[in-house]
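Take a look at the letters that make up each chain.
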Amino acid sequence: QVQLVESGGGLVQPGGSLRLSCAASGFTFSMYGMSWYRQPVGKKRELVAGTSAGGMTNYADSVKGRFTISRDNTKNTVYLQMNNLKPEDTAVYYCKSWNNYWGQGTQVTVSS
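Heads up: these notes are all about the structure in this document. (Residues numbered from 1 in each chain as written. Predicted model: local features only at pLDDT ≥ 70, side-chain atom pairs only at ≥ 80, totals over all residues. Heavy atoms only, no water.)

So, about the overall build of the protein. Along the backbone of the protein there are zero helices and ten strands. The helix and strand sequence of the protein, counted from the amino end, reads β-β-β-β-β-β-β-β-β-β. The C-alpha atoms of the protein give 13 Å as radius of gyration, which agrees with the globular expectation for 112 residues (13 Å, within 12%). Considering only C-alpha atoms, the protein reaches an extent of 40 × 25 × 25 Å along its principal axes. Of all 112 residues assigned to the protein, the portion counted as buried reaches 42%. Of the contacts made within the protein by residues no fewer than 6 positions apart, 53% connect residues no fewer than 24 positions apart. Carbon and sulfur atoms make up 48% of the accessible area of the protein, which totals about 5,900 Å². Taking the average place of the 11 positive charges on the side chains of the protein and the average place of its 6 negative ones, the gap between the two points comes to 2 Å. (Helix = DSSP H or I, 4+ residues; strand = E, 2+ residues; numbered from the N terminus. Rg over C-alpha atoms; globule rule 2.2 N^0.38 Å. Buried < 20%, exposed > 50% of the residue type's maximum accessible area, 1.4 Å probe, protein only. Contact = heavy atoms within 4.5 Å. Areas by Shrake-Rupley, 256 points an atom, 1.4 Å probe, with all protein chains shown as cover. Lys, Arg positive; Asp, Glu negative; His and termini not counted. Charge placed at Lys NZ, Arg CZ, Asp CG, Glu CD.)

Pasting the structure below:
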């Protein structure tokens, strides 16, 4: 049974950093790309960043230069390092595997 479990969310001040983790199980992690999405309250879910199975990455324009996606195939985990956080980054963050499974989400709140 496939599981994606996010962790690392929380409350942080503007300009601060957080690292999100998504631990995967139930499928061959190294064979699939992974993505991070986010959904602010009352808004549509949007793609934040993605990494292919081979490690190629892409980012939404709004997070380029501040967020970094990475993966550790030995730990079946994908990460999202978020630096210089802004209030507009406040959202529930979800990981998604490219074989179309979603995690349950983790809340990130950026506020002073």
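So, next bit.
Turning our eyes to something else, we now look at unusual backbone geometry. The residue asparagine 76 is not glycine, and still its phi comes out positive at about 50 degrees. Here asparagine 76 lies in the loop between strand S7 (67-72) and strand S8 (77-82). By relative accessible area, asparagine 76 is classed as partly exposed at 27%.

A few words now on the sheet that holds S8. Taken in spatial order, the four strands of this open sheet run S1-S3-S8-S7, and their pairing is antiparallel. Among the strands making up the open sheet, the edge pair consists of strand S1 (3-7) and S7. Sheet twist, expressed as the average angle between the axes of neighbouring strands with direction ignored, equals 15 degrees. In this structure, strand S3 (residues 18-25) lies alongside S8, joined through six bridges in antiparallel fashion. Counterpart to alanine 23 in the pairing with S8 is threonine 77. (Pairing = 2+ DSSP bridges. Axes fitted to C-alpha atoms, helices over the stretch in contact; angles between N-to-C directions.)

Purely geometric numbers; function is a separate question.
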